[in-house]
Amino acid sequence: MSSSRWPLLAVAAAALAVLAEDPFGEDCRSKTYPPAGPTFKGTVPTYIINLDLPPSRRWDNLMSDKKIELKTVIQSIKNIANAFVPSGKVVEIVDTKLAWLISTLPYPFSEELKGIGNASGIPLGEIVLFNIFYEIFTVCTSIVAEDKSGKLYHARNLDFGLFLGWDIKNSSWIITQELKPLVVTLDFQRNNKTVFKSTNFAGYVGMVSGIKPGIFTLTMNERFSLDGGYIGIFEWILGRRDGMWMGFLTRTVLENGTSYQEAKDQLVKTRLLAPAYFILGGNKSGEGCVITRSRQAALDIWDLDANGGTWYVLETNYDRWKTPLVLDDRRTPAMKCMNQTKQENISLPAIYDVLSTKPILNKLTVCTTLMEVSEGRSESYLRECIGSCSPW
């Protein structure tokens, strides 16, 4: 065969790969709720975080229960770092240098991190490392949907652990599996009353998802960009600190926000350390959006408009005006399943079905969270993708 034909064959093969069905995909799932079967790995325990306590004491009870699991995850992260840099220099920097960062962080987060370190016995540098990871390694699928009556639902798959150690024997990501025992529902209270709830990892003081009962719901997804979280963190270390850590911003909004519009304004306008997608739901018809953020500004706001045909908004980890990476297209099957469900049938169980469908459910999926703002309902379930599954 003429060598001149090889480039044409390569192009043809690439085109076929793009057009071919996802080898890890499947028909939209149904009747998966209430959670059961092999993809359901358990419910998530609830802990109260008392905001009336000094910040350094708020996490004592949680750390008493979860310090061993937290040490396991941090040790695995260090092992992965040592595999890339066998000299041990990375771990040495973590243990001796990162602790200094706590003194630069805003109140109350700095004091809370110190308290977690004291309660767990884990070096402060390693606590900082654990919290930094969520600025740069979270991949997820989030959905806000409105039913025919105007009721709003918000749900997400939390996918975490990309490229953080593949366990060949068990065909799973090491960090993903080790994080599951750390998943908790946190009930942040003041004067014995709930301020907000969040599904989180024990040891992380920012928020990746949460509900302010009766007011709004919020999830955060990572946005891949060359001007990414690494750059923001380096700027912070070098002294430029006019940006806000993503998890600290979502925590602040959930703790202090009094309305959907106030939360939206803060998420749109605050300068960030890392680019992100903020997925926000309110308590009235039309109150739902995906905010696409660079570190400096909002690039796009995609609002619910049920009357105009947009009865749901859905975000994975790609700008909505761009085609997702062929090897990581969760958006297309998720939208297919939402459209197949139809607005008249939408509910939290129906969205759980969507989030239970491969590849939306994949080897990185740690848990699924369902939220309904008007009832203040929030429930989370540990997940496992069984059989032939996309690695991400």
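Residues numbered from 1 in each chain as written. Predicted model: local features only at pLDDT ≥ 70, side-chain atom pairs only at ≥ 80, totals over all residues. Heavy atoms only, no water.

A. Focus on the sheet that holds strand 8 (residues 193-201). Strand order across the open sheet formed by eight strands is 2-7-8-9-10-11-12-13, with mixed pairing between neighbours. Unpaired on one side and paired on the other, strand 2 (46-50) and strand 13 (298-303) mark the two borders of the sheet. Between one strand axis and the next, the sheet turns by 20° as a mean value, whatever way the strands run. As defined by bridge partners, strand 12 (residues 288-293) adjoins strand 13 across five bridges and the pair is classed as antiparallel. (Pairing = 2+ DSSP bridges. Helix = DSSP H or I, 4+ residues; strand = E, 2+ residues; numbered from the N terminus. Axes fitted to C-alpha atoms, helices over the stretch in contact; angles between N-to-C directions.)

B. The side chain of arginine 251, seen in detail. Mapped onto the elements, arginine 251 comes out in helix 8 (residues 246-256). At 2.7 Å, the side chain of arginine 251 forms a polar contact with the side chain of glutamate 112. Ignoring any residue separated from it by four or fewer positions in sequence, one finds arginine 251 in contact with Leu51, Arg58, Trp59, Phe109, Glu112, Phe188, Phe196, Val205, Gly206 and Met207. (Polar contact = N/O pair within 3.5 Å; in protein donor to acceptor, adjacent residues only side chain to side chain. Contact = heavy atoms within 4.5 Å.)

C. Seen up close, the state of the cysteines. One pass over the structure, following the stated rule, counts two disulfides. Between the sulfur atoms of cysteine 28 and its disulfide partner cysteine 337 the distance amounts to 2.1 Å. An S-S torsion of about -95° defines the bridge between cysteine 28 and cysteine 337 as left-handed. Of the two residues, cysteine 28 sits in the loop between helix 1 (5-19) and strand 1 (40-43) while cysteine 337 sits in helix 10 (residues 331-341), which places them 309 residues apart along the sequence. Classification of cysteine 28 by relative accessible area gives buried; the value is 18%. Between the sulfur of cysteine 385 and that of cysteine 389 lies a disulfide, 2.1 Å long from S to S. Residues cysteine 385 and cysteine 389 share a disulfide whose torsion about the S-S bond is about -95°; that sign makes it left-handed. Taking only the cysteines that form disulfides and numbering them from first to last, the chain has the pattern 1-2, 3-4. The thiol of cysteine 140 is unpaired, and the distance to the nearest cysteine sulfur, on cysteine 367, comes to 8.6 Å. (Disulfide = S-S within 2.5 Å. Buried < 20%, exposed > 50% of the residue type's maximum accessible area, 1.4 Å probe, protein only.)

Purely geometric numbers; function is a separate question.
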